[in-house]
Amino acid sequence: MKVGVLHSRIRRDEKLLLNELRERDHAVHKLDVRDRSFSIDQAGDQFATLELVVDRCLSSSRSRYLTAWCERHDIPVVNSATTAATCADKVRTSLALSEAGIPTPRTEVAFSIDAALDIMDDLGYPCVLKPVVGSWGRLMARIESRNMAESLLEHKATLGHYEHKVFYLQEYIETEGEDLRIVATDGVPIAGMRRSSDHWITNAARGAEVASIEVDSELETLVANVDAAVGGGLLGIDLMETQDGYTVHEVNHSVEFNALNSVAPIDVPSAVVDWLESICLETTAVSS
Amino acid sequence: MTDEACIVCDATVALPADVELGEIVDCLTCGSELEVTGIDPYALEEAPELEEDWGE
Ligand SMILES: Nc1ncnc2c1ncn2[C@@H]1O[C@H](COP(=O)(O)OP(=O)(O)O)[C@@H](O)[C@H]1O
Ligand SMILES: [Mg+2]
Ligand SMILES: [Zn+2]
């Protein structure tokens, strides 16, 4: 297949993907989104010949715009613009999960310090304050007390960009520094891992230890429902375990799979490319 | 593997054999993050600062 990869910085994950595509003799076109501009009216010849575009932009704003741009020009793209827009924004992700009835931590949104403080008192301390856009555990706060809440909100409101004035507040889930990550394509799990850390934030990008887990049928069902809720595709689903079962706290649309690949019993980039090939077959079948 | 000079401190930086345009390599001497901006011939630039909307 003739596949374009939208990218900027090449992570270990993109490298695994590119190598797997080339090993299978696919014609791979690396499209560095920093090197070009994108005309609203025309896609241009290079894009017209591509059978599939894979969005691997590191920047979620680029990802949101370029997936929408591809769809405008009828260029098959994964993930979809809907998925990117939903997953790039934690409020939109929470709305989608809630609408689908998927268990997720209690979450509240507030637009003023006073309203945020009221809700934090109600959530109790500790509670969690997250940026609506962001990743790798950055700018997340576990708020231990009312005093800390007041000063943190004041700092965010004063120093932050307008998005930091959208206060995304969440109940704190006692996890003992562990959570789960499942990577899936169209709702079918490829593999899963447990991430453990001495810190309450357990992102692999922050050095959490990772270990492979068995994806049981309960997780399988949950993953299929999450996929349907956010628009579907190649996703990294983050969940925590509570006494009442799993709770989904995030869905990643530009998922990193290097850490998972290092512990999973299955070759993750190979499974991703299998999936890309299947999409390509479907889209060519539809258009011919 | 190819050895190139770090553009920040001039120490030797090893590029992997399958190096990709756009890949980030770390200078083990000064800690700089370098982006591979050319392959033939090799070119390195200081990698851009992390932006807030970057991630998975
Ligand atoms: N409500 C919460 N309670 C306890 N820990 C949490 C909560 N939300 C997130 N975490 C921890 O913080 C990490 C990062 O949170 P996440 O919502 O996935 O944001 P990011 O986009 O930065 O990965 C999670 O993997 C988990 O370890
Ligand atoms: Mg996460
Ligand atoms: Zn150096």
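Predicted, not measured: the structure shown is a model, and the values here were computed from it.

**Observations concerning the coordination of the zinc ion (ligand 3)**
Residues and elements named next belong to chain B. Within the first shell, the zinc ion (ligand 3) binds the protein through Cys-6 (SG), Cys-9 (SG), Cys-27 (SG) and Cys-30 (SG), at distances of 2.3 to 2.4 Å. What the 4 donor atoms of the zinc ion (ligand 3) show is an angle range of 107 to 114° at the metal, which sorts the shape as tetrahedral. Donor residues for the zinc ion (ligand 3), ordered by position in the chain, follow C-x2-C-x17-C-x2-C. One end of the pair, Cys-9, is in the loop between β1 (2-5) and β2 (12-15); the other, Cys-27, is in the loop between β3 (24-26) and β4 (33-39), and 18 residues separate them in sequence. Take Cys-9: its relative accessible area is 30%, and that puts it in the partly exposed class. Judged by its relative accessible area of 2%, Cys-27 is buried.

**Regarding the site of ligand 1**
Residue and element names in this part refer to chain A. For ligand 1, the set of nearby residues contains 22 residues, the closest of which are Lys-130, Gly-137, Asp-179, Thr-202 and Glu-250. In this structure, Gly-134 approaches ligand 1 through a main-chain N or O atom, which is 3.4 Å from an oxygen atom. Contact distances for ligand 1 include 3.4 Å between an oxygen atom and a backbone N or O atom of Trp-136. When ligand 1 sits alone it has 540 Å² of accessible area, and the protein chains cover 99% of it. If you list the elements that add at least two residues to the shell around ligand 1, you get β6 (127-130), β8 (167-171), β12 (234-242) and β13 (245-252). In terms of residue class, the shell around ligand 1 is made up of 8 nonpolar, 7 polar and 7 charged.

**Some details on the coordination of the magnesium ion (ligand 2)**
Residues and elements named next belong to chain A. Those donors, Asp-238 (OD) and Glu-250 (OE), are the protein atoms that reach the magnesium ion (ligand 2), and they lie 2.0 to 2.2 Å from it. You can see Asp-238 sitting in strand β12 and its partner Glu-250 sitting in strand β13, a full 12 residues away along the chain. Judged by its relative accessible area of 11%, Glu-250 falls in the buried class.

Conventions used here
Residues numbered from 1 in each chain as written. Chains lettered and ligands numbered in written order. Predicted model: local features only at pLDDT ≥ 70, side-chain atom pairs only at ≥ 80, totals over all residues. Heavy atoms only, no water. Donors = N, O, S within 2.8 Å, 3.2 Å for Na, K, Ca; no water. Tetrahedral: all angles 85-135°; square planar, octahedral: opposite > 155°, others 65-115°. Helix = DSSP H or I, 4+ residues; strand = E, 2+ residues; numbered from the N terminus. Buried < 20%, exposed > 50% of the residue type's maximum accessible area, 1.4 Å probe, protein only. Near = heavy atom within 4 Å. Polar contact = N/O pair within 3.5 Å; in protein donor to acceptor, adjacent residues only side chain to side chain. Areas by Shrake-Rupley, 256 points an atom, 1.4 Å probe, with all protein chains shown as cover. Nonpolar A, V, L, I, M, F, W, Y, C, P; charged D, E, K, R; others polar.

Purely geometric stuff here, so don't read any function into it on its own.
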